[in-house]
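Structural overview for review
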Amino acid sequence: MATTLDALLDALVVPPAFSRYDRITDTAALSDMQAWKSRVLPTLSQLDLSSSSPSTAEQANLVRVLAPLTASAPWTSSESRTLAAALLATVSPTATLVTYTLSNVVKPLFAATPHPRLHLATARALARPADTQDTYHHQPWKDHPGLEEVLRWCILNTQSSTYEQIWPLILPPTMTFLDDYEVPYKVLGVRLISDMLTRVPPELLLRTGVDALLFTSLTNALNHLRDPSTPELIRATVPTTLQLIDLTTPSLFPNPSSPLPSTDDTRGASSKDLSLSLSPSLHRSLATRFDRLSTLLSSSILGTVILYTPTAVPSEPAPIVDPFSDQDHVASDSESEPCPTQPVQGAQSSINAPHPTLVAAAYVLPPVISALGVGATRFLKGVVPVVVGWLALSIPTTASPDSTVDDLSERGRDPGRSQETVEGPFALHLAALHVVSVLIGTCPSRIGRWATTITDGLARCWVNCVDAMTTNTAPQLGVLQGRLQEVAVELASAYPYVIRNEFSKLLAFDRMLFDGLVGAICTTLSDDAPLGNAVAKNNPGSATLQNSVKVS
C-alpha cells in the first residue's frame, strides 16, 4: 500500500520546467508539460487516504505533493485544484506535522542561500547584512514550482501561540521569496507575508526587529517598475504594508479621520494636552506609525511609482540603425559623417491605454490616505496636482469593450474590489475620482484651499467627456459622468463656498456645457433643498447619495 501511494505521489510532483513555463519556447518541452498536466486529475482520483494511517513523514510528503496542486498555476486545472484541496483537507495540521514539514521539506531547499538579514538560529533581524555568499547565485528552491503553497499551508495552520517555536523555520524562506530579484517571486512573497500577518503575534515582530525589516522589504518592492507583474505587485504590496503598520503600530482611533472620543478627561483639552498625556511607548508607536505611512505615501508611491511611470503605455519605438554595426563604416570611422537619426514612427502614446502600473498606484492611494487620516493634509500639495492631472487626460473617442457599466461603477466606488482585473481607458479617471472623494472625506478642513484646483480637474474631465460623446457611445462614459457629478456634490458638501466661488463661474462661462455637472447643485442650493438631490436630477442611478450627502 505504501509503495503504491509513494508511486502515485511521485507521479504528482510538479516538474521543475513549470518554474520557467513563460520562458520556454521548445514545442517538445511544452508538449511534455501539457501531457503531464493531463495525467494529474486521473492520478489524483486514484489516491485513497481514508483507509490508511500515515506517519508524520508520510503526511509531510502528502503536503509537499498536494499543496502545489492547489495553486492557480499553469500546472493545474480547476478540477485538479478542487480534488487536491479536498485530499489535502484530510491531513490533520498538527503542530508536530507543521514543524516536521518546515524542517525536512522546506528548510533544506533554502539552506544553500540563507537570508543575509536574519540570524540563522533565532530569525532576529541583523543590524547589518551577514557576510554570506551571493544569495541569488544558487537557488534550488526555484526548481520546486508551488513550494510557496507548502509554506502557505504551514503559515495558515500555525496557531499564534506556537509561532515563536517555529519562527526560525517559517520566517527565512518567506523573506527569501519577498526579497528575491524576480518580481513574480516577490508577489508570492508579499502574499505569504500577508497570510503570516493574520496569525503572527505583533509582540514577536517587535521583539525580533522583524517589523522594521518587513517594512523596508515591502517598500523596496515598489522600486521594481519595469516588469509585467509590477501592477500585481503594487496591488499586493501596499495593502500588506498597511496590514503590517496596523498590526505593529495600531491607531488610537477606529476611524483615523474621526476625532478623539470625548470623555471627562479629554473634554476641552487641546491636541497638545492630549499628546502630553500619552505614555512614552504609545507616543513612540504613534510616531512610528505616522513615519511609516508618510514614507509609504511620499517616498514609495508618489516619489517612486507615480514619478517614474508614464501616464500611458508608450508605443513601441521604431528600431534605430546602429552606425557602428556596419563593418565598412567601422573601417572608415575617421572619415565618415554622423549617421542621421530617423524620427521614431508612432512614438506618441495611445490615450486609450493608461499605464497599468499607474492605474495600480492610483487604486492603492485611497487606503493609504485613509490610514493617515487628517495627517494626509501634509501631502495634499503632492497628491492633488497629480490626481487633477489624471482627470485632465484625454478621453478616447472610440468605444472600448474592456469593461461593463456595472463593473466600472462598482470599481469607481470601491477600488478594493476586482483590483486584479481593473483595466480599460477609464480606469485611471475613475481611480482619480475615488482619490478625490477620499481626500474630501479625510481632510475636509483643508480641502477648501484646493477647491479651485479640484474644480478645474472636474471641469476638464467633464469637457473631455462631452467632446467624446459625439463619437464614443460606450456606456462607460455615462458611468464616468455620473461619478463626476457625485464628486462635485461631495466637494460642495465639504466646502459650500465652492458653489458661489467656482461652480457659478462655470455656469456663467458656459451654462449649456457645465449645466450637467454643477447646474443641479446651484439650483438645489437656491431652492434650499437637500444637496443630495442635485445628482439625482441628472443621474437618477445615484440614489445612495440622496441619503448620505447634506449641506454642511
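Right above here is the structure, for reference.
I will try to describe carefully the structure that is included in this document. (Residues numbered from 1 in each chain as written. Predicted model: local features only at pLDDT ≥ 70, side-chain atom pairs only at ≥ 80, totals over all residues. Heavy atoms only, no water.)

1. Re the packing of aromatic side chains
Applicable threshold: Side-chain rings of Phe, Tyr and Trp, where Trp is taken by its six-membered ring, are said to pair if the distance between their centres is within 6.5 Å; with planes under 30 degrees apart they count as stacked, over 60 as edge-to-face, and otherwise as tilted. By the criteria applied, helices consist of DSSP H or I runs no shorter than four residues and strands consist of E runs no shorter than two, each listed in order from the N terminus. Throughout, exposure labels follow a simple rule: accessible area from a 1.4 Å probe, protein chains only, divided by the maximum for the residue type, with under 20% read as buried, over 50% as exposed, and the rest as partly exposed.
Scanning the model with the defined rule gives 10 aromatic pairs in all. Residues Phe18 and Trp75 carry aromatic rings whose centres are separated by 6.0 Å and whose planes lie at 70 degrees to one another, so their mutual orientation is edge-to-face. Linking Phe18 in the loop between α1 (2–11) and α2 (27–46) with Trp75 in the loop between α3 (56–66) and α4 (78–88), this pair joins segments that are 57 residues apart in sequence. Accessibility classification places Phe18 together with Trp75 in one group, the buried group. Seen from their ring centres, Phe177 and Tyr185 are 6.4 Å apart, and the 45 degrees between their planes marks the pair as tilted. Of the two residues, Phe177 and Tyr185, both sit in the buried class. Among the aromatic residues, ring-to-ring pairing joins Phe18, Tyr21, Trp36 and Trp75 into one connected group.

2. Overview of unusual backbone geometry
One non-glycine residue, Ala123, adopts positive backbone phi at about 60 degrees. Structurally, the position occupied by Ala123 is in the loop between α5 (95–110) and α6 (147–156). Using a relative accessible area of 0% as the deciding quantity, one classes Ala123 as buried.

3. Considering the pattern of salt bridges
Note the threshold: The term salt bridge refers to a side-chain nitrogen of Lys or Arg lying within 4 Å of a carboxyl oxygen of Asp or Glu.
Taken as a whole and assessed by the stated rule, the structure comprises 12 salt bridges. The salt bridge involving Asp195 is made with Arg152; its shortest N-O contact spans 2.6 Å. One end of the pair, Asp195, is in helix α8 (residues 183–197); the other, Arg152, is in helix α6, with 43 residues separating them in the sequence. In this pair, the class of Asp195 matches that of Arg152, namely buried. Here Arg289 makes a salt bridge to Asp246, at a shortest N to O gap of 2.9 Å. Here Arg289, found in helix α13 (residues 280–306), pairs with Asp246, found in helix α11 (residues 230–248); they are 43 residues apart in sequence, far enough to count as distant. For Arg289, a relative accessible area of 7% corresponds to the buried category. Judged by relative accessible area, which is 41%, Asp246 ranks as partly exposed.

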